[in-house]
Structure formats: C-alpha cells, structure tokens
Amino acid sequence: MKKISILGSTGSIGKQTLDVVRQHKDKFEVVAISANSSVDLLLEQIKEFKPKYVAVYNESSYIKLKSMIPSDINIEVLCGMEGLKTISSLPEIDVLLTAIVGMIGLVPTLEAIKAGKDIALANKETLVCAGDLVMSEAKKMGVSILPVDSEHSAIFQCLNGENNKEIEKIILTASGGPFRGKTKEELVNVTKNQALKHPNWSMGRKISIDSSTLMNKGLEVIEAKWLFGVEHDKIDVVVHPQSIIHSMVQFIDSSVIAQLGCPDMRLPIQYALSYPNRIECDFERLDLAKIATLTFENPDMDTFPCLKLAYETLKMGGTYSAVLNSANEILVSEFLEEKIGFYDIPKYIEKTLEAHTSIEKPTLEQILDIDKWAREYVSGLIK
Ligand SMILES: NC(=O)C1=CN([C@@H]2O[C@H](COP(=O)(O)OP(=O)(O)OC[C@H]3O[C@@H](n4cnc5c(N)ncnc54)[C@H](OP(=O)(O)O)[C@@H]3O)[C@@H](O)[C@H]2O)C=CC1
Ligand SMILES: CC(=O)[C@@H](O)[C@H](O)COP(=O)(O)O
Ligand SMILES: [Mn+2]
C-alpha cells in the first residue's frame, strides 16, 4: 500500500489522481488532501477517501470547512502554508503528489524532500523557479522526483534502462495550443475564452493560458533541463498537434525512442505512483489506424515569444527563469481577469527580465525574495 499526500486535490490533476486511487484502492491510500478554497469539493473528497488530514490554504475557507465537517468524521484540519508543509512531510506518507498550481508549491515540496519523501511532480513551476536547489536537495536526501507532466513522464519512460550520458537530444512535443497557425495580427485581441479552449487537453485555467502562449512549453523546457540534466541546446520542441507522441529522446547512435498514448493525464499520474511497476487499467487504448496521421512542424517563436523568452532565461542561467515564472503567474491572472491583452504577457515578462539582477546559486530565501520582487515589479508595470 503506497500512502499519498496530495497538494491541490481539487484541481484538474488532483481530481484525476483521486480517480487513479479510486480504481486501485488495494494499492494506494490517500492520507492527506489540500486546496486553496474549494471547500465543498474537499468535503466530498473527505467523505469518499477518508484522509487523516486536510489542509486549506485560505484562512476563511479553513474556518468554513472546519464548521462543515460532520462530528463523526475524525480528521485533522490544518491551515495556511504551515498546513501545506505539515501534510507534505507526514511520517506516515511515502509520496507527495504535488498538483498545486504555481510556485507556491516550492516550499512544501522542499519540506517533503527534507523529510525523505518521494515527489510525484505535476507542479512544473517548482522546478522552473528552483530547479538547482530542488534537484540537489533530492539528491542529498536520496529521494526520487517522479515526473507527472505528460512530456516528462514520456521522456522518463524513454530513458528507462538507458544511460543519460548517451542522450543526444530531448524532443519535447507541443500541441501548438488553440492558436496554432495564427498570425500576430490575428492574436492581438484574442479573449481569455478563446485562449482557454485547448484542442486536446482539459486542464486548469493557468496551464491552459500557458499552452495558448507556448509558455507552457517554455516552462517544460526548463523542467526537462533540471529533471534530466540536459542543457538547453539539447532540448528541442516540435509541434505535434495530435498530442499522441508525448515526447521523444534521440540517442548518440541516432535512435529515437518515443512514448505514445491517448491524451489522458491519468496514465502519467498512475505511472509516477506505481513506478517502477506498471498497473493494468481500463484507460482508452490507442487505435493508430483510426488516428491515421501524425504530423510535426517547427514552433513559431516570433508569433509565440514566450517560448523564446524561456529558452533565453536558461541560456542566461541564475535566477532569470524564476523571474520569468513569477512575472508570468501575475500576467496570466491579469489576462484571465481581462485587465491586459495576449501580447502584454511576453512584453511585460521581457521588461521584468531586463530589470533583474541575477544570482548564480540562489538559496531558498533569495528565490522567495526574487519572486516577491518580480511580482511587485510586473504589477507596477501594468498600472
Ligand atoms: N491539468 C493538467 O493536465 C496538467 C497540469 N500540470 C501542472 O499541474 C499543476 C496543477 O495544474 P491543474 O491541476 O491544471 O490546476 P488547477 O487550477 O485545476 O488546480 C490547482 C489546484 O491547486 C490548488 N491551489 C491553488 N492555489 C493554492 C494555494 N495557495 N494553496 C493550496 N492549494 C492551492 C487549487 O485549490 P482550489 O480548488 O481551492 O483553488 C487546486 O486544487 C500546474 O503546475 C500545472 O502546470 C502539468 C501537466 C498537465
Ligand atoms: C497534459 C500536459 O502535460 C500539458 O502540459 C500539455 O502538454 C499541454 O499541451 P501543450 O503542448 O499545448 O502545452
Ligand atoms: Mn505537459
């Protein structure tokens, strides 16, 4: 029985994780769940999965949930960042599945690593902000960082039994998002509702906007660097609109290994939880003859400058990727509130990067300070 704690159990990945657990109750047990403010759904999850702990970040939602839990349910209700840290490092858990959105996931993830817990990582912002720190802490503690992001799970599977030193390049696939093939002129006035319509995946709002700007792919290039120890010039992005090949690895002998599957996040979630084993399941099987055509094209980095900016932050090193991420988090939420336009996202990220003085080997405190600075700076630009 693998005992799991979940950061962000009420979101897209969180709910699909619970679906995996629901199908394999003999293999997985949910010890703790958490959310920001979705108390009604948390209560439903408490009733179904009977976790021993629940953490609610938002204080008024915490008070509300406490008042809603029936007296015959025995559960410890925790609040705020302390609550997230506690459920990430419980002595009784084996793995922390981090499905929270944004760099707020960093501190609890480090807490879990320090407590010797394996991490099933969906929350890519954590590695984008603090890849060096997280991977070196994980190495020090001997814990595994198991990728949940579909592309990184694919690469992880392609590397099974291989030697990382024999990688020639990583080929990350991108769907191209809802605006693939559009021109800059066509995109200037796009709305949030258009941007939220991902062609292949049903996901949370923040990652859906990131897919529409190709920032998601940029974040994934940075995530791949840290997960697999491969430099930016050995990570390519290819647009593959069908999202059937989830990513590939090319080796020094020219062989390319790919991982394929129907677009269903439950597979990478389950693989991260069952690793190194595979578990039988009823997920839809690929019917290649029905799909008939798999196509590929180069990404258009002029129309989608966020991907170029992400590569540039990797080239520059230091804390530039953290600044890219923090500015992007603010700008995506402003775009979702219809306060800025589509191209304001790359424009203001670039300005924030220009104003930043990078630190080579940042500590956690320095990363948190930089995050605060970047959020304030970019907010000031918008006003
Ligand atoms: N969705 C997908 O298919 C994929 C997602 N990912 C990555 O996984 C992560 C989650 O994405 P997704 O599931 O789509 O996001 P969602 O927006 O659907 O869910 C986010 C979850 O995080 C919780 N949360 C947000 N802020 C806080 C906070 N301050 N404290 C505690 N909990 C908080 C939310 O709680 P509440 O409900 O209360 O708001 C919710 O449970 C992201 O990093 C994303 O990039 C990666 C690959 C695929
Ligand atoms: C499902 C998943 O892993 C997402 O990150 C997905 O990759 C988004 O699709 P894009 O390729 O459009 O960014
Ligand atoms: Mn992905």
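Parameters and conventions
- Residues numbered from 1 in each chain as written.
- Chains lettered and ligands numbered in written order.
- Predicted model: local features only at pLDDT ≥ 70, side-chain atom pairs only at ≥ 80, totals over all residues.
- Heavy atoms only, no water.
- Helix = DSSP H or I, 4+ residues; strand = E, 2+ residues; numbered from the N terminus.
- Rg over C-alpha atoms; globule rule 2.2 N^0.38 Å.
- Buried < 20%, exposed > 50% of the residue type's maximum accessible area, 1.4 Å probe, protein only.
- UniProt positions renumbered as here; feature names shortened; annotations may be inferred.
- Donors = N, O, S within 2.8 Å, 3.2 Å for Na, K, Ca; no water.
- Tetrahedral: all angles 85-135°; square planar, octahedral: opposite > 155°, others 65-115°.
- 1 Å grid on protein atoms, 1.4 Å probe; cavity = no way out; pocket = protein on both sides within 12 Å on 5 of 7 lines; lining within 4 Å.
- Points joined across faces, edges and corners; volume = space filled by probe spheres on them.
- Nonpolar A, V, L, I, M, F, W, Y, C, P; charged D, E, K, R; others polar.
- Near = heavy atom within 4 Å.
- Polar contact = N/O pair within 3.5 Å; in protein donor to acceptor, adjacent residues only side chain to side chain.
- Areas by Shrake-Rupley, 256 points an atom, 1.4 Å probe, with all protein chains shown as cover.
- Disulfide = S-S within 2.5 Å.
- Axes fitted to C-alpha atoms, helices over the stretch in contact; angles between N-to-C directions.
- Parallel < 35°, antiparallel > 145°, perpendicular 65-115°, else oblique.
- Left-handed = near helix turned anticlockwise from the far one by under 90°.
- Contact = heavy atoms within 4.5 Å.
- Core = buried A, V, L, I, M, F, W, Y, C linked by side-chain atoms within 4.5 Å.

Novice: Mind showing me how you'd approach the overall build of the chain here?
Specialist: On a plain count of helices and strands, the chain comes out with 17 helices and 11 strands. Since a compact globule built from 383 residues should have a radius of gyration of about 21 Å, the 20 Å found for the chain is in line with a globular shape. Viewed in the frame of its principal axes, the chain has a C-alpha envelope of about 60 × 50 × 40 Å. Per-residue burial for the chain yields a buried fraction of 56% across its 383 residues.

Novice: Would you take a moment to explain the UniProt feature "domain: DXP reductoisomerase C-terminal" (unreviewed entry) in the chain for this structure?
Specialist: Sites flagged by UniProt as "domain: DXP reductoisomerase C-terminal" (unreviewed entry) map to residues 260-377. Taken end to end, residues 260-377 has its terminal C-alpha atoms 42 Å apart, with 58% of it in helix and 1% in strand.

Novice: It is not clear to me how the coordination of the manganese ion (ligand 3) should be interpreted in this structure. Could you clarify?
Specialist: Geometrically, a metal with four donors at the corners of a regular tetrahedron has ideal angles of 109.5 degrees, and one with six donors at the corners of a regular octahedron has ideal angles of 90 or 180 degrees. Distances from the manganese ion (ligand 3) to its protein donors, Asp-149 (OD), Glu-151 (OE) and Glu-220 (OE), fall at 2.1 Å. Geometry at the manganese ion (ligand 3) is irregular, judged from its six donor atoms and the angles of 63 to 164° they form at the metal. Donor residues for the manganese ion (ligand 3) sit on one chain with the sequence pattern D-x1-E-x68-E. Taken together, the residues Asp-149 in the loop between strand S7 (145-147) and helix H7 (150-158) and Glu-220 in helix H11 (residues 215-228) connect sequence positions 71 residues apart.

Novice: I would appreciate a short explanation of empty space enclosed by the protein in the present structure.
Specialist: To find leftover empty space, one rolls a probe the size of a water molecule over the atoms. Scanning the model with the defined rule gives two cavities of 30 Å³ or more in all. Roughly 60 Å³ of volume is contained in the largest cavity. What lines the largest cavity is Ser-150, Ser-153, Ala-154, Gln-157, Trp-201, His-246, Gln-259, Cys-262, Asp-264, Leu-267 and Pro-268. For the lining of the largest cavity, the secondary structure elements donating two or more residues are H7 and helix H12 (266-274). Broken down by element, the residue count for the lining of the largest cavity peaks at four residues, all from H7. Counted by class, the lining of the largest cavity contains five nonpolar, five polar and one charged residues. Of the voids in this model, the second largest cavity is the one considered here, and its volume is about 30 Å³. For the second largest cavity, the full set of lining residues is Thr-213, Thr-303, Phe-304, Pro-305, Cys-306, Phe-342, Tyr-343 and Pro-346.

Novice: I tried to follow the site of ligand 1 on my own but got confused; where do I start?
Specialist: In the vicinity of ligand 1 there are 25 residues, among which Thr-10, Ser-12, Ser-37, Ser-38 and Glu-125 approach most closely. Ser-12 has a polar backbone atom sitting 2.9 Å from an oxygen atom of ligand 1. Within the backbone of Ser-37, an N or O atom sits 2.6 Å from an oxygen atom of ligand 1. Here ligand 1, which alone exposes 900 Å², has 88% of that area covered by the protein. Listing elements by their share of the shell around ligand 1, those giving two or more residues are helix H1 (12-23) and helix H6 (124-141). Of the residues belonging to the shell around ligand 1, the class tally is 12 nonpolar, 10 polar and three charged.

Novice: Looking at this structure, I do not really get the UniProt feature "domain: 1-deoxy-D-xylulose 5-phosphate reductoisomerase N-terminal" (unreviewed entry) in the chain. What am I missing?
Specialist: UniProt records the feature "domain: 1-deoxy-D-xylulose 5-phosphate reductoisomerase N-terminal" (unreviewed entry) at residues 4-131, using the numbering of this structure. Segment residues 4-131 splits into 46% helix and 22% strand. End C-alpha atoms: 23 Å apart.

Novice: Any chance you could explain the state of the cysteines here in plain terms?
Specialist: Cysteine pairs can be covalently joined through their sulfur atoms, and such a bond is termed a disulfide. For the structure on display, the rule yields zero disulfides. Unpaired in this structure, Cys-129 has its nearest cysteine sulfur neighbour in Cys-306, at a distance of 15 Å. For Cys-129, a relative accessible area of 6% corresponds to the buried category.

Novice: Is there a simple way to explain unusual backbone geometry in this structure?
Specialist: Leave glycine aside and you will find that most residues have negative phi; peptide bonds, for their part, are mostly trans. The omega torsion across Tyr-275 and Pro-276 is 10°, close enough to zero to call that bond cis. Structurally, Pro-276 can be placed in the loop between H12 and helix H13 (288-291). Despite not being glycine, Ser-243 shows a phi value in the positive range, around 50°. Its location among the elements puts Ser-243 in the loop between strand S9 (235-239) and strand S10 (245-251).

Novice: Mind showing me how you'd approach the environment of Glu-280 here?
Specialist: With respect to the helices, strands and loops of the structure, Glu-280 is situated in the loop between H12 and H13. A residue is classified by how much of its surface remains accessible, and Glu-280, at 75% relative accessible area, is exposed. Between the alpha carbons of Glu-280 and His-24 there is a distance of 9.7 Å; along the sequence they are 256 residues apart.

Novice: Can you walk me through the packing of helix H2 (residues 39-49) against helix H3 (residues 59-68) in this structure?
Specialist: Pairs of packed helices are described in terms of their axes, by the angle between the two and the distance that separates them. Between H2 and H3, the shortest axis-to-axis distance is 10 Å and the interhelical angle comes to 40°. Comparing their axes, H3 and H2 come out oblique. In this structure, H2 crosses over H3, and the sense of that crossing is right-handed. Note on element contacts: H3 touches H2 through Ser-61, Lys-64, Leu-65 and Met-68, opposite Val-39, Asp-40, Leu-42, Leu-43 and Ile-46. Residue composition of the contact of H2 with H3, grouped by class: six nonpolar, one polar and two charged.

Novice: Can you help me understand the nonpolar core in this one?
Specialist: One broad trend across soluble globular proteins is that nonpolar side chains are buried collectively. Val-54, Leu-65, Leu-97, Phe-228, Leu-324 and Ile-349 are the most contacted members of the largest nonpolar core, which has 121 residues in total. If you tally residues by element for this core, the top one is helix H15 (residues 320-336), at 10 residues. Beyond its immediate chain neighbours, meaning those up to four positions away, Ile-349 contacts Met-215, Leu-309, Leu-324, Ala-327, Asn-328 and Leu-331.

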